[in-house]
Amino acid sequence: MFKIRKAVPSDAPVIFDLIKKLAVYEKLENDVITSVEELQQNIFTNNFAKVLMAEENGKPVGFALYFYNFSTFVGKPGLYLEDLFVEPEHRGKGYGKSLLIELAKIAEAENCGRFEWSVLDWNTPSIEFYKALGAKPMDEWTVFRLDKKGISDLAGK
């Protein structure tokens, strides 16, 4: 039995564990510097993000973490999917697609003008999966990032 539900504060340790597993899959395990406590504070107290949990027979097998942004061109909020992860042994059962469908329903209910996410260039299985769902790559855009030090450096100028 499979179900999707909104995460609750007691899910923070499971979310953290799934984030670490995602980082291993993406070969970015050294980039995980957060903690269960920080996730609990920023997701459930500060409401900076929201999480959907995917469960099989009551056991968490995946998650989707998202938040809202805003498009000045569209003049509406957008839903931004930060991370989607399904445990490898539970892939191929439609759980990732179900999470994306649920997010699309949320975006539609919230009158979002866009539903966006990023994917690593080498992640061909995910790229093909997203294209099969009708998503279009934004090849003409380049993502820029300032890390914590970069933010401090820029803020101090």
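Criteria and thresholds
Residues numbered from 1 in each chain as written. Predicted model: local features only at pLDDT ≥ 70, side-chain atom pairs only at ≥ 80, totals over all residues. Heavy atoms only, no water. Axes fitted to C-alpha atoms, helices over the stretch in contact; angles between N-to-C directions. Helix = DSSP H or I, 4+ residues; strand = E, 2+ residues; numbered from the N terminus. Parallel < 35°, antiparallel > 145°, perpendicular 65-115°, else oblique. Left-handed = near helix turned anticlockwise from the far one by under 90°. Contact = heavy atoms within 4.5 Å. Nonpolar A, V, L, I, M, F, W, Y, C, P; charged D, E, K, R; others polar. Patch = residues over 30% accessible without salt bridge, like charges linked within 9 Å, V, L, I, M, F, W, Y side chains within 5 Å. Areas by Shrake-Rupley, 256 points an atom, 1.4 Å probe, with all protein chains shown as cover. Salt bridge = Lys/Arg side-chain N within 4 Å of Asp/Glu carboxyl O. Buried < 20%, exposed > 50% of the residue type's maximum accessible area, 1.4 Å probe, protein only. 1 Å grid on protein atoms, 1.4 Å probe; cavity = no way out; pocket = protein on both sides within 12 Å on 5 of 7 lines; lining within 4 Å. Points joined across faces, edges and corners; volume = space filled by probe spheres on them. Phe/Tyr/Trp six-rings, centres within 6.5 Å; stacked < 30°, edge-to-face > 60°. Lys NZ or Arg CZ within 6 Å of the ring centre and 35° of its normal.

(A) Structural detail: the packing of helix H1 (residues 12-25) against helix H2 (residues 36-45). Closest axis-to-axis distance for the H1/H2 pair is 9 Å, and the angle between their directions is 110°. It follows that H1 is roughly perpendicular to H2 by the angle criterion. Pair H1 / H2 crosses with right-handed handedness. Only Val36, Leu39, Gln40 and Phe44 of H2 make contact with H1, whose side of the interface consists of Ala12, Pro13, Ile15, Phe16 and Ile19. Of the residues in the contact of H1 with H2, the class split is eight nonpolar, one polar and no charged.

(B) Structural view of a nonpolar patch on the surface. On the surface, a cluster of nonpolar side chains totalling about 240 Å² of accessible area is made up of Leu28, Leu120 and Trp122. Along the chain, tryptophan 122 falls in the loop between strand S5 (114-117) and helix H4 (124-132).

(C) Region of the structure containing unusual backbone geometry. One non-glycine residue with positive phi stands out, namely lysine 27, at about 60°. Tracing the chain through its elements places lysine 27 in the loop between H1 and H2. Lysine 27 gets classed as exposed once you look at its relative accessible area, which sits at 61%. For asparagine 57, which is not glycine, the phi torsion reads 50° and is therefore positive.

(D) The arrangement of the layout of surface pockets in detail. What the second largest pocket holds in volume is close to 270 Å³. In terms of lining residues, the second largest pocket is bounded by 17 residues, among which Lys6, Lys50, Val51, Leu52 and Tyr66 are the most central. Contributing elements (two or more residues each) for the lining of the second largest pocket: strand S1 (2-6), H2, strand S2 (50-56), strand S3 (59-71) and helix H3 (95-109). Considering only residue class, the lining of the second largest pocket consists of eleven nonpolar, one polar and five charged.

(E) Molecular detail of the side chain of aspartate 11. Within the secondary structure, aspartate 11 is located in the loop between S1 and H1. On the basis of relative accessibility, which here comes to 6%, the residue aspartate 11 falls in the buried class. With residues near it in sequence (within four places) discarded, aspartate 11 still touches Arg5, Lys6 and Met53.

(F) Just the packing of aromatic side chains, in detail. Inspection of every chain in the model, using the stated rule, returns seven aromatic pairs. Judged by centre distance (6.0 Å) and plane angle (55°), the ring pair of tyrosine 25 and tryptophan 122 falls under tilted. Highlighted residues: tyrosine 25 in helix H1 and tryptophan 122 in the loop between S5 and H4, separated in sequence by 97 residues. Among the residues examined, tryptophan 122 registers a relative accessible area of 40% and is labelled partly exposed. Geometrically, the ring pair formed by tryptophan 117 and tyrosine 130 is edge-to-face, given 5.1 Å between the ring centres and 65° between the ring planes. Pair noted here: tryptophan 117 is in strand S5 and tyrosine 130 is in helix H4, with a separation of 13 residues, a long-range link. Since its relative accessible area comes to 11%, tyrosine 130 is described here as buried. In textbook terms, an aromatic cluster arises when at least three aromatic residues are bridged by ring pairs, as seen for Phe115, Trp117, Phe129 and Tyr130. A cation over a ring is seen here: lysine 27 above tryptophan 122, with NZ or CZ 4.1 Å from the ring centre. For the cation-ring pair, arginine 91 lies above tyrosine 25, with the distance from its terminal atom to the ring centre recorded as 4.8 Å.

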